[in-house]
Amino acid sequence: VGRRQVVEGELREAGRRIGAILDSITDAAFGLDPEFRYTYANRHWETMFGRRAAEVVGRPIWDVVPGLLGTTVEAGYRRAM
């Protein structure tokens, strides 16, 4: 096994652990990349929005929740990013 394979395995395991931690919290949690695409949504987010994470990961938040456009939430997300 090469060094690259070891590192890739370690990254996968770290991602799994982070996902388990985010799923264990009682609030809806999600991640966005610099293009505002979903990178993650936990099970509480799925319950709140009635969508599966697999349906939204990779899609821009503005396409998934278009009602955010033009709101203070959108402005805040853009400032934070």
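Thresholds, definitions, all that
- Residues numbered from 1 in each chain as written.
- Predicted model: local features only at pLDDT ≥ 70, side-chain atom pairs only at ≥ 80, totals over all residues.
- Heavy atoms only, no water.
- Helix = DSSP H or I, 4+ residues; strand = E, 2+ residues; numbered from the N terminus.
- Rg over C-alpha atoms; globule rule 2.2 N^0.38 Å.
- Buried < 20%, exposed > 50% of the residue type's maximum accessible area, 1.4 Å probe, protein only.
- Contact = heavy atoms within 4.5 Å.
- Areas by Shrake-Rupley, 256 points an atom, 1.4 Å probe, with all protein chains shown as cover.
- Core = buried A, V, L, I, M, F, W, Y, C linked by side-chain atoms within 4.5 Å.
- Phe/Tyr/Trp six-rings, centres within 6.5 Å; stacked < 30°, edge-to-face > 60°.
- Salt bridge = Lys/Arg side-chain N within 4 Å of Asp/Glu carboxyl O.

Focus: the overall build of the chain
Scanning the chain from terminus to terminus reveals five helices and two strands. In sequence order, the secondary structure elements of the chain are arranged as α-β-β-α-α-α-α. Relative to the globule expectation of 12 Å for 81 residues, the C-alpha radius of gyration of the chain, 15 Å, shows a markedly less compact shape. The buried share of the chain, taken over its 81 residues, is 22%. Expressed as a percentage of contacts within the chain between residues at least 6 apart in sequence, the contacts between residues at least 24 apart total 19%. Looking at the chain as shown, the accessible area adds up to about 5700 Å², and 57% of this sits on carbon and sulfur atoms.

Overview of the environment of Tyr77
Turning to its location among the elements, Tyr77 is positioned in helix 5 (residues 72-80). As a C-alpha pair, Tyr77 and Leu32 span 45 residues in sequence and 9.7 Å in three-dimensional space.

Topic: the nonpolar core
Counting 11 residues, the largest nonpolar core consists of Phe36, Tyr38, Ala41, Trp45, Ala53, Val56, Ile61, Trp62, Val64, Val65 and Leu68. Of all the secondary structure elements, the ones that give two or more residues to this core are strand 2 (38-41), helix 3 (53-56) and helix 4 (61-64).

What about the packing of aromatic side chains?
Two measures describe an aromatic ring pair: the distance that separates the ring centres and the angle between the ring planes. Per the counting criterion, the structure on display carries five aromatic pairs. Ring geometry for Trp45 against Phe49: centres 4.8 Å apart, planes inclined by 25°, an arrangement best described as stacked. Here Phe49 and Trp45 lie together in helix 2 (residues 43-49), a separation of four residues that amounts to about one turn. Among the residues examined, Trp45 registers a relative accessible area of 1% and is labelled buried.

Observations concerning the pattern of salt bridges
Counted according to the given criterion, the structure contains seven salt bridges. Of the charged contacts in the structure, one is a salt bridge between Arg17 and Glu13, with a shortest N-O distance of 3.7 Å. You can see Arg17 and its partner Glu13 sitting in helix 1 (residues 3-24), four residues apart, about one turn around the helix. Where Arg78 meets Glu74, a salt bridge forms, and the shortest distance between an N and an O atom there is 2.8 Å. Residue Arg78 and its partner Glu74 are located together in helix 5, separated by four residues, close to a single helical turn.

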